[in-house]
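Architecture at a glance
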Amino acid sequence: MRFGMPWPGRDVGREAEQAGVGAFCAGEFADHDSYLTLADIVANTEHALAGPAIAYAFARTPYAHATALRHLHAQAPGRLFLGLGSAAFRINRDWLGVPAERPVARIAETVGAVRAWLHAENGDRVRYTGEYYALDADVRAPVLGRLDIPILLAGFNTRMAATAGRVADGVIGHGLFTDSWWNEVVRPGVERGAGERERGAARPLEHGWIITAVDDSAPERAIADARRMIAFYLTVKTYDPFVAHHCWEEPVARLRAAFRAGDTNAMGRAVTDEMLTAIAVCGTTADAKDALARRAGSLPRDVGYFAPPSFMVSPRRRAAYARAALALIGAVPTHSD
C-alpha cells in the first residue's frame, strides 16, 4: 500500500514527500475547493500521486471536472487521479441546488461523460448520451488528446461500491471503514460490479481514508480528537447500514443526541472503545504502529490517506498530526494483488 495523506499545506507537504509520502489527496467542503487544492499539490510536489478524494460529483459539469484535470495534467503528467463522491442528499439539494434523487445512476453517467472528455482525440467530436447528460461537442482547436486518468468513486454502501466496480477504475473508502465493512460489504460489492466489465479489465483500485491522530506528548488529546471525528461522521444517517452491521445503534443514538444538543465532548464520549479500535489509528506512535499491524484487512490495498481529525481541531494541530503520522511510514502492512 502506498502511504498518502490529505494535503497538509505546502510546507508540511514538501517535508512529507521527502519523507516518503507517495500520494496526496484533496477533499472538499464549504471552505475549500478540491481543484484549487489539487493545483497547490501539483505545484509543490514532484513525484507523488495527486487527486481529489473526493470532489463533489454534481457540483460541476463533466466538462468542468475534465477541463480541470487536463489543465493540471500539463504540470503533472501521469500523476493524477480523479475521485468523485455523490455527496449527501442535503448537500446536493440545499447547498449545491442540484437534483439529489438517484445519485447512484447519476454518478455512473457522470463517470461516462467525464471519460468522454478525457478520452477525446483531436478532431473527434465529444459524444455521450444518457438520461442525465447529452454531449455532442465539436471542439475546433488542437487541445484534446486521450488522457487515461483513473476515476474512482467514493463507495460507502453496497450499491455505490458495485457501481465503482462496474463503471469506474476503483473505489475510495471512507475514514469510518472497518475490517468487516471492507471485507464483507465494500469489496464484495466492488467485485460484483467488476464482474460486469469486459474480461481482462484491471483489478479495481482501492484508495481509502484512515482517521489518524498521533501525539506522543498528549496521546489522550489525540484519542479524544479521533473519537469526536468518528462521532461527527456518524451523525449522517446515510451510514445507518454501517451502524447496523456493527450493532452500534445505541452509542450512535447517544452521539446524535449530543450533536443535536451541541455537546461535542459528549459526542466523543459516546464513541465506545470498540468503535475507536475498529476505526481509528490514534494515541502514541507505538499505539498507532500496533493498530496498523492489527488492522491489515481494514486498510485499502493501493493507497491509504492517513487523515488527521478535522472536526473541532485547529489547522495548527492538524499539521502537527500530519507530521507525527510520518513516523508510521514503513509500519504500514503491504498487500499482494
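Residues numbered from 1 in each chain as written. Predicted model: local features only at pLDDT ≥ 70, side-chain atom pairs only at ≥ 80, totals over all residues. Heavy atoms only, no water.

**Quick notes on the nonpolar core**
Counting residues in hydrophobic clusters, the biggest one holds 101 residues, and the most contacted among them are L38, L80, L84, I230, L234 and F242. Among the elements that line this core, the one with the most residues is helix 5 (residues 103-118), at nine residues. Once you skip the residues sitting within four places of it in the chain, L38 turns out to touch A26, A50, G51, P52, L69, L72 and L80. Grouped together as the second largest cluster of nonpolar side chains are 11 residues, A53, L152, I172 and V303 included. (Core = buried A, V, L, I, M, F, W, Y, C linked by side-chain atoms within 4.5 Å. Buried < 20%, exposed > 50% of the residue type's maximum accessible area, 1.4 Å probe, protein only. Helix = DSSP H or I, 4+ residues; strand = E, 2+ residues; numbered from the N terminus. Contact = heavy atoms within 4.5 Å.)

**Looking at the side chain of R70**
Inspection of the secondary structure assignment puts R70 in helix 3 (residues 62-73). Despite its burial, R70 pairs with no opposite charge, the nearest such side chain being E121 at 7.2 Å. Within the structure, the side chain of R70 is placed 3.1 Å from the backbone oxygen of L118, a separation counted as a polar contact. Filtering out sequence-adjacent residues up to four positions away, R70 remains in contact with W117, L118, H119, A120, V143, L144, G145 and L147. (Lys, Arg positive; Asp, Glu negative; His and termini not counted. Salt bridge = Lys/Arg side-chain N within 4 Å of Asp/Glu carboxyl O. Polar contact = N/O pair within 3.5 Å; in protein donor to acceptor, adjacent residues only side chain to side chain.)

**A closer look at the pattern of salt bridges**
In this structure the tally under the stated criterion is 22 salt bridges. The partner of R60 in a salt bridge is D33, with the nearest N and O atoms 2.9 Å apart. Note that R60 is positioned in the loop between strand 4 (55-56) and helix 3 and D33 in the loop between strand 2 (23-26) and helix 2 (34-44), a separation of 27 residues in sequence. Given a relative accessible area of 16%, R60 falls into the buried group. By relative accessible area, D33 is classed as partly exposed at 29%. Residues D225 and R317 are paired through a salt bridge, measuring 2.9 Å at the closest nitrogen-oxygen approach. One end of the pair, D225, is in helix 8 (residues 219-233); the other, R317, is in helix 14 (residues 315-325), and 92 residues separate them in sequence. With a relative accessible area of 0%, D225 lands in the buried category. Each member of the salt-bridge network shares a partner with another, and the members are R125, R127, D136, D138 and R140.

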